[in-house]
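Examining the three-dimensional arrangement
Next come the chains, spelled out residue by residue.
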Amino acid sequence: MTKAKVVINGYGTIGKRVADAVSLQEDMEVVGVSKTRPNFEAKIAVEKGYDLYTLPESVESFEKAGLKVSGTVEDMLKIADIVIDCTPGKVGISNKEMYDKIGIKAIWQGGEGSDIAPISFNSEANYEKAYGADRVRVVSCNTTGLCRVVYPLDKKIGIKKVRATLIRRGGDPGDIKSGPIDALVLDPVKLPSHHGPDLNTIMPEINITSCAIKAPTTFMHLHIINAEFEKDCNSEDVIEILKNRPRIRMIKDGIKSTAEIIECARDIGRSRNDMWENCVFEDSIAVEDGELYMFQAIHQESDVVPENIDCIRAMLKLEKDNKKSIEKTNKALGINN
Ligand code: NAD
């Protein structure tokens, strides 16, 4: 079977995870990754066997560092069927013209504005919209986490209104520049936050408001979700719906923090302690007077990774049925182990 050729532009937190996830699939392969600086991640990429590309102005610095470069980013785009842009937020937009010129299909990440591509993507909610598409944005870690809960509850019970409070991690574990170190930062002060409208790029029919606070932690985001239902239901109904979703992990056994979830990821042998699934605290689920209350934790570094894999399959028409794609991706990654 000929494998689809995938390149990753921007081999950082998300890019390196997407590259490794692509490598695990039977129907696609990584044919190049790009870095702007010859740092430790670039060195490890080469050690892992990825062909390394860079910007024309950076080739010399890689050579000086003794790292073999296979060509420029433009050279890399010419050998692939699709590029996954994992450059930092708001940088991806500057690559659009280059992708258009070369005529390659492109996926951007949630750090870009929704206007970068005509389609914003979630594997369960709108896979079919991305089928055969040329330009798609996989929404952010927080929006992906919200979609995975709101979509099935709306389909099965009906949602009148969602209110979501997001306690966001201040930075990723390897990030030495972000914060806060000792504060809770309103992000933004003016309400609501952009997360509700971002969910509406996938599910425009959902009435949702959101607010967000940045906290001094690197492990995960924590969501407090409140939703008004259309129909009568109880907490058991909600648990039954959520525990049968392909990318939701019910958290039990006395776990009451993001730190313990990450420890659990380490204990079950997850690479980079990644938790690709939403981690829903089962005992937090309560339904009172037709309203849901619940907590979930979202591993910001990894939850969008399986969505990128499904998005590749949809755009390259490798699989028409989203359930089958989700199943293939989950199996290859070991999701729900
Ligand atoms: P990152 O800073 O960890 O990695 C970005 C990589 O791109 C770095 O390796 C950098 O060297 C490289 N780069 C920078 N400019 C480049 C250019 N012009 N060409 C090629 N490579 C370039 O960023 P990240 O956290 O992986 O974020 C990538 C995207 O994913 C952003 O849109 C972000 O909003 C989104 N995202 C991030 C997270 C997260 O928690 N980190 C979660 C979900 C989505």
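Just so it is clear, the structure is predicted and the values come from calculations on it, not from any experiment. (Residues numbered from 1 in each chain as written. Predicted model: local features only at pLDDT ≥ 70, side-chain atom pairs only at ≥ 80, totals over all residues. Heavy atoms only, no water.)

Let's shift gears to the overall build of the protein chain. When helices and strands are tallied, the protein chain shows 12 helices and 16 strands. In terms of C-alpha radius of gyration, the protein chain reaches 20 Å, essentially the compact-globule figure of 20 Å for 337 residues. Looking at the protein chain residue by residue over its 337 residues, the buried ones come to 55%. In the protein chain, the share of contacts with a sequence separation of at least 24, taken over all contacts with a separation of at least 6, comes to 71%. Split by element, the accessible area of the protein chain, about 15200 Å² in all, is 50% carbon and sulfur. Within the protein chain, the 52 negative side-chain charges are centred at a point lying 3 Å from the centre of the 46 positive side-chain charges. (Helix = DSSP H or I, 4+ residues; strand = E, 2+ residues; numbered from the N terminus. Rg over C-alpha atoms; globule rule 2.2 N^0.38 Å. Buried < 20%, exposed > 50% of the residue type's maximum accessible area, 1.4 Å probe, protein only. Contact = heavy atoms within 4.5 Å. Areas by Shrake-Rupley, 256 points an atom, 1.4 Å probe, with all protein chains shown as cover. Lys, Arg positive; Asp, Glu negative; His and termini not counted. Charge placed at Lys NZ, Arg CZ, Asp CG, Glu CD.)

Around the ligand, a shell composed of 20 residues is seen, among which Thr13, Ile14, Lys35, Arg169 and Asp172 lie nearest. With respect to the ligand, the backbone of Ile14 contributes an N or O atom lying 2.8 Å from an oxygen atom. Within the side chain of Thr36, an N or O atom sits 2.9 Å from an oxygen atom of the ligand. For the ligand, whose unbound accessible area comes to 830 Å², protein coverage reaches 81%. A breakdown of the residues in the shell around the ligand according to their chemical character gives six nonpolar, 11 polar and three charged. Taken domain by domain, the makeup of the shell around the ligand includes at least three residues from each of domain 1 (4-139 + 304-333) and domain 2 (141-298). (Near = heavy atom within 4 Å. Polar contact = N/O pair within 3.5 Å; in protein donor to acceptor, adjacent residues only side chain to side chain. Nonpolar A, V, L, I, M, F, W, Y, C, P; charged D, E, K, R; others polar. Domains from an automatic or database assignment.)

Moving on, we get to the packing of helix α6 (residues 123-130) against helix α12 (residues 322-333). Where α6 meets α12, the axes come as close as 9 Å, and the angle between the chain directions of the two elements is 115°. Of the two possible hands of crossing, α6 and α12 adopt the one that is right-handed. On α12, the residues touching Ser123, Glu124 and Tyr127 of α6 are Asn322, Ser325 and Ile326. Class assignment of the residues belonging to the contact of α6 with α12 gives a composition of two nonpolar, three polar and one charged. (Axes fitted to C-alpha atoms, helices over the stretch in contact; angles between N-to-C directions. Left-handed = near helix turned anticlockwise from the far one by under 90°.)

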